[in-house]
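Structural description and commentary
Now for the letters of each chain:
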Amino acid sequence: MSTLITYFEIAAFGASLVAWPYIQKSKHLRLFPLLLFIIVSVEICLTFFKEQFVFYNSIIYNVQVPLQHLLYLYILYLALERKTFRKFILLSSAIFIFITVITSIFFTDGNRINTIAYCTGSIFIIIGILMKFHEMLQNPTEFNFLKNPFFYILFAFLLFNVGTLPYFTMGNWLYYSLERKDILIVLINVMSIFNYILYSTYSMAFVWMILKKESF
Amino acid sequence: MDDSEEGVLLIATTMVVLTAFALTVLAVMIIYRKRKLQHAQEITQINEKFSRELLEAQLEVQRQTMQHIGREIHDHVGQQLTLAFLYMQQLQPDDPKMMDRIQSVTTIIDESIVDLRNLSRSLTNTSFLDNDLDQLIKLECSKVHSARRCEVNFQCSTSPIESSGAVKSFVVRILQEFLQNSLKHSQCKAIVVELSSDVNGIVLSAMDDGKGFTEDNRQAGIGLANMRKRAAMIGADLMIESSHQQGTRLRLFIPSQQLTFAHATQYRYSG
């Protein structure tokens, strides 16, 4: 079931490329093809070339996930308008880089996932998304966030982050220490559903932008 | 239940709780937006109501002030001038030259009394607003036409329209401003005024064949701003178009629901 995620990611990446003429003028939206490219590249390697990359699985994720989180934080930084919120994102990014480097060097085994970095990044992103939602709510008469594809992109990512945070936080224990693999499969399936929701929403949001035929 | 199962249960529970949190955020955002929109709408309605009440009060004060001035002119200044006129007539000087001068002064006083009476009547008698809107517009057009500076053609394709005093007064003021501007600045030879109506409302159109204006050569003044302000006050849409040597066009649309604006407190000008 989790193999399907890669196809959903490829679809989202493809949609973002098709939507490029409409998102290229937006400072934050134009970073999505790059973000999805990073995700898709890693997932293609780990899905279709499993044998060659199986030993580097954790290492690849320990590089890709912080990079992905940093890119999400940068997208939020560009999307936010209030200076205080932007400063918070800058500070969060600095703290996140510091924590990722320190935990990668001193607290993470080579073949384990850096869960501390993942959690820190996720929490900062969740706060960032909530701050953007706060901004979106300020002028409901002038700006209808329900008709803005970016709102759904953010909401899907919020849902994914909060939904999978406990799963990834306990990732090392689940993958390497838990003996009941049958229970783990249930959680993997739940996590997969969150992934489907996330990338389907991305794809639909970009298709929406294409159909609307207006720059964002 | 062993430790592994409890651990997984904890993770699953936390995932459910956090997912519920995300969905709650969405629900709160939608509800908050709905309430804020409702609140904004209420404020707009209150502001509109306040503006209308303010306008009604302004019109009422203006009417009363004009009537007061009119009565003062008639009862006080008019009476004194009449008295002066009578005294002057009673004078019988021996000198014929003096007699001529007295006659001249008497004539001036007499003319002044007539002028003052007319002024007093025009200030106190606002019953002209009891006429229908089309009649008022026709009257305005006739006034300008009779001045012989320009030919004014009025075309009405509507039956008598029921409208409030405020709407009548404002529409006439807007048209007066347009006609005055055309006469003063456009060097026009003809003005066409049209009044039409449908279920949505009424449309007053006016068009001159003058030299027109552009934003660059438009003369600074408050006339156009006043017209727009008046239109906004009765909830009408005003459009003024002009281009060099192409004349000027005015289009005033008053929605049906605005026509009886202030109708409940319609002014009793005649009383």
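For the structure itself, look to the data block above.
We now turn to the structure provided with this report. Please read all numbers here as calculations on a predicted model, not as lab measurements. (Residues numbered from 1 in each chain as written. Chains lettered and ligands numbered in written order. Predicted model: local features only at pLDDT ≥ 70, side-chain atom pairs only at ≥ 80, totals over all residues.)

**Quick notes on the overall build of chain A**
Looking only at helices and strands, chain A has ten helices and zero strands in total. Helices (α) and strands (β) of chain A occur, in sequence order from the N terminus, as α-α-α-α-α-α-α-α-α-α. Here the analysis covers contacts within chain A between residues at least 6 apart in sequence; of these, 74% occur between residues at least 24 apart. (Helix = DSSP H or I, 4+ residues; strand = E, 2+ residues; numbered from the N terminus. Contact = placed C-beta atoms within 7 Å.)

**Focus on the overall build of chain B**
Looking only at helices and strands, chain B features six helices and five strands. Secondary structure of chain B in N-to-C order comes out as α-α-α-β-α-β-β-α-β-β-α. Counting only residues that meet the buried cut, chain B has 20% of its 271 residues in that class. Sequence-distant contacts in chain B: of pairs separated by 6 or more residues, those separated by 24 or more amount to 76%. (Buried ≥ 20, exposed ≤ 12 C-beta atoms within 10 Å, placed from the backbone.)

**Details of the interface of chain A and chain B**
Between chain A and chain B, the residue contacts involve 20 residues of the former and 20 residues of the latter. Going through the elements one at a time, α8 (149-169) and α10 (181-212) of chain A are the ones with two or more residues in the side of chain A that touches chain B. The element contributing the most residues to the side of chain A that touches chain B is α8 of chain A, with eight residues. Partitioning the side of chain A that touches chain B into residue classes produces 16 nonpolar, two polar and two charged. (Nonpolar A, V, L, I, M, F, W, Y, C, P; charged D, E, K, R; others polar.)

**Thoughts on the nonpolar core**
In this structure, Leu76, Ala156, Phe157, Leu158, Leu159 and Tyr202 of chain A are the most contacted members of the largest nonpolar core, which totals 41 residues. When contributions to this core are tallied by element, the ones reaching two or more residues are α1 (4-18), α2 (20-23), α3 (32-48), α5 (57-79), α6 (83-107), α7 (115-136), α8 and α10 of chain A. Considering every element that reaches this core, the biggest residue donor is α8 of chain A, with ten residues. Setting aside anything within four residues of it in sequence, one finds alanine 156 of chain A in contact with Ile197, Leu198, Thr201 and Tyr202 of chain A. In this structure, Ile137, Leu175, Leu179 and Leu195 of chain B belong to the second largest nonpolar core, which totals 29 residues. (Core = buried A, V, L, I, M, F, W, Y, C linked by C-beta atoms within 7 Å.)

**Observations regarding the sheet that holds strand β1 (residues 151-156) of chain B**
Residue and element names in this part refer to chain B. The five strands are arranged β1-β2-β3-β5-β4 in an open sheet whose pairing can be described as mixed. Bordering the open sheet on either side are β1 and β4 (237-242), each of which pairs with just one other strand. For this sheet, the mean inter-axis angle between neighbouring strands, taken without regard to orientation, is 10°. Across eight bridges, the pairing between strand β2 (residues 190-198) and strand β3 (residues 201-208) is antiparallel. If you follow leucine 195 over to β3, its bridge partner there is leucine 204. Helix α5 (residues 223-233) contacts β4 and β5 (248-255) of the sheet and is inclined by roughly 155° relative to β4. (Pairing = 2+ DSSP bridges. Axes fitted to C-alpha atoms, helices over the stretch in contact; angles between N-to-C directions.)

**Quick look at unusual backbone geometry**
The backbone phi angle of glutamine 187 of chain B is positive, close to 55°, even though this residue is not glycine. Positionally, glutamine 187 of chain B belongs in the loop between α4 (165-186) and β2.

**Examining the pairing of β1 of chain B**
All names here are of chain B. Sheet topology places β1 next to β2; six bridges connect them, and they run parallel. The residue bridging asparagine 153 from the neighbouring strand is valine 192, located in β2. Each parallel crossover has a hand, and the one from β1 via α4 to β2 is left-handed. (Right-handed = clockwise from strand over helix to strand, strands pointing away.)

**Side note on the packing of α5 of chain A against α6 of chain A**
Residues and elements named next belong to chain A. For the pair α5 and α6, interaxial distance at closest approach is 9 Å and the crossing angle is 170°. The angle between α5 and α6 places the two elements in the roughly antiparallel class. Residues Asn62, Pro66, His69, Leu70, Leu73, Leu76 and Tyr77 of α5 form the contact with α6, whose own contacting residues are Arg86, Ile89, Leu90, Ser92, Ser93, Phe96, Thr100 and Ser104. Here the contact of α5 with α6 is built from residues that sort into eight nonpolar, six polar and one charged. (Parallel < 35°, antiparallel > 145°, perpendicular 65-115°, else oblique.)

**With respect to the environment of valine 199 of chain B**
All names here are of chain B. Inspection of the secondary structure puts valine 199 in the loop between β2 and β3. You can call valine 199 exposed: it has 5 C-beta atoms within 10 Å. In this structure the C-alpha to C-alpha distance between valine 199 and serine 256, which are 57 residues apart in sequence, comes to 7.0 Å.

**Looking at α10 of chain A**
All names here are of chain A. Here α10 is 32 residues long and its end C-alpha atoms lie 46 Å apart, about the 46 Å a rise of 1.5 Å per residue gives. All of the buried residues in α10 are Phe194, Asn195, Leu198, Tyr199, Thr201, Tyr202, Ser203, Ala205, Phe206 and Met209. If you follow the buried residues of α10, they end up packed against α1, α2 and α8. Positive backbone phi, approximately 55°, marks lysine 213, located one or two places after α10. (Expected span 1.5 Å × (residues − 1).)

**Some words on the packing of helix α1 (residues 3-90) of chain B against helix α2 (residues 96-124) of chain B**
Residues and elements named next belong to chain B. At a minimum axis distance of 9 Å, the contact between α1 and α2 shows a crossing angle of 165°. Judged by the inter-axis angle, α1 sits roughly antiparallel to α2. Between α1 and α2 lies a crossing of left-handed hand. Of the residues contributing to the contact of α1 with α2, the split by class is 15 nonpolar, ten polar and three charged. (Left-handed = near helix turned anticlockwise from the far one by under 90°.)

**As for helix α3 (residues 133-146) of chain B**
Residues and elements named next belong to chain B. With 14 residues, α3 should reach 20 Å at 1.5 Å per residue; the first-to-last C-alpha distance of 20 Å fits that figure. Of the positions making up α3, those classed as buried are Leu133, Ile137, Glu140, Cys141 and Val144. Mapping the buried residues of α3 onto a view down its axis gives an arc of 95°, with all of them on the same face. Exposed side of α3, more than 90 degrees from the buried face: Ser142, Lys143 and Ser146 are the residues found there. Contact partners of the buried residues in α3: β1, α4 and β2. Residue arginine 148 follows α3 closely and has a positive phi angle near 65°. (Arc of directions from axis to C-beta.)

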